[in-house]
Amino acid sequence: CNPAGTMSEGTMSSWSNDGNGSTNAIASYSCQPNWDESGPEFAYQYVASVDGQATVNLSETPDEVIEFILGSLDDLDVFVLSGNGSCDPNNCVVGGDSTVSWNVTVGSSWYIVVDGYGGDVSPYSLTLDVLPATPSTETDCSDGLDDDADGDVDCDDSDCGSDPSCIVP
């Protein structure tokens, strides 16, 4: 796949899996190996700006009069691939019919792919939301990290004032 779009936390995209920028290079994913994803796919790149649980919701948009009455007759699926390297279907983390969730950390990279089951094509809406992780109340005062996400690292953090590694003799 070739990511033609980008997403970030709290965004929505409306497109079609056969729209400009789509490819038709992937027919199966390692996380759902028995699904026939022979339709075109559209891929987005996402880089997490927070730690937490990311959730993507896929909603197909009616594109025929009968679909306004009966609901969508097409079958699109959404897949999340690890963004460390190429957009490879063997790096599939999770896949599903309409909603998928996975854990992200700041700076982690992901590919979100909308693909057509059995060759299906449809317009859709896709949203990405992240439930931020609760900051830790415990602090390791010598790991070089801002463990409790308050902007202060190690001995500069008021939580470490009495830690032996921060007391200057």
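Look up a bit, the structure's there.
This structure is a prediction, so every number in the text was calculated from the model and none was measured.

S.K.: Sorry if this is basic, but what is going on with the overall build of the protein here?
M.R.: Along the protein, the regular secondary structure elements total 1 helix and 9 strands. Its helices and strands taken in sequence order, the protein reads β-β-β-β-α-β-β-β-β-β from the N to the C terminus. Looking at the 169 residues of the protein, the share that counts as buried comes to 37%. Restricting to contacts in the protein with at least 6 residues of sequence separation, those with at least 24 account for 69%.

S.K.: Which parts of the structure should I look at to understand the pairing of strand β9 (residues 123–132)?
M.R.: Bridge count between strand β2 (residues 11–16) and β9: 6 bridges; the pairing is antiparallel. Counted as the bridge partner of S13 is L126 from β9.

S.K.: Help me understand the state of the cysteines in this model?
M.R.: Evaluation of the coordinates by the stated rule reveals 3 disulfides. Covalently, C155 is tied to C166 through a disulfide, its sulfur atoms 2.0 Å apart. Between C155 and C166, the S-S dihedral sits near -85°, and the bridge is therefore left-handed. Of the two residues, C155 is situated in the segment after β9 and C166 in the segment after β9; the sequence distance between them amounts to 11 residues. C166 gets classed as buried once you look at its relative accessible area, which sits at 16%.

S.K.: How should the sheet that holds β2 be read in this particular structure?
M.R.: Picture the strands of a sheet paired through backbone hydrogen bonds; they go either parallel or antiparallel. Across the sheet, 4 strands lie side by side as β2-β9-β4-β7; this open sheet has antiparallel pairing. Among the strands making up the open sheet, the edge pair consists of β2 and β7 (99–104). Across this sheet, the average inter-strand angle for adjacent strands is 20°, counted without regard to direction.

S.K.: Help me understand the side chain of S82 in this model?
M.R.: Along the polypeptide, S82 turns up in strand β5 (residues 76–82). Those residues in contact with S82 that lie beyond four places of it in its chain are N91, V93, S109, W110 and Y111.

S.K.: What is the right way to read the pairing of strand β8 (residues 109–116) from this model?
M.R.: On a regular strand, one side chain projects to one face of the sheet and the next to the other, so that they alternate. Where burial is concerned, most of β8 is hidden: 8 out of the 8 residues are buried. Alignment of strand β3 (residues 41–47) against β8, held across 7 bridges, turns out to be antiparallel. The partner of E41 across the bridge, within β8, is D115.

S.K.: Explain the nonpolar core to me, please; I cannot follow it from the model alone.
M.R.: Nonpolar side chains tend to gather and get buried jointly when the protein is soluble and globular. Counting residues in hydrophobic clusters, the biggest one holds 22 residues, and the most contacted among them are Y46, W102, I112 and L126. Mapped by element, the contributors of at least two residues to this core are β3, β4 (52–60), β5, β7, β8 and β9. With 4 residues, β9 is the single largest residue contributor to this core. Contacts of Y46, omitting those with residues within four sequence positions, involve M7, S8, E9, W102, V104, S108, S109, W110, I112, L128 and V130. Ranked by size, the runner-up nonpolar core spans 9 residues in total, among them A43, F79, C87 and Y111.

S.K.: Please explain the sheet that holds β5 as it appears in this structure.
M.R.: Strand order in this open sheet of 5 strands is β1-β3-β8-β5-β6, and the pairing throughout is mixed. Strand pairing shows two members of the sheet lacking a second neighbour, β1 (5–7) and β6 (92–96), which therefore form its edges. Each neighbouring strand pair of the sheet contributes to a mean axis angle of 25°, computed without reference to strand direction. Sheet topology note: the β1/β3 ladder contains 3 bridges and is parallel. Looking at β3, one finds that G5 is bridged to Y44.

About the cut-offs
- Residues numbered from 1 in each chain as written.
- Predicted model: local features only at pLDDT ≥ 70, side-chain atom pairs only at ≥ 80, totals over all residues.
- Heavy atoms only, no water.
- Helix = DSSP H or I, 4+ residues; strand = E, 2+ residues; numbered from the N terminus.
- Buried < 20%, exposed > 50% of the residue type's maximum accessible area, 1.4 Å probe, protein only.
- Contact = heavy atoms within 4.5 Å.
- Pairing = 2+ DSSP bridges.
- Disulfide = S-S within 2.5 Å.
- Axes fitted to C-alpha atoms, helices over the stretch in contact; angles between N-to-C directions.
- Core = buried A, V, L, I, M, F, W, Y, C linked by side-chain atoms within 4.5 Å.

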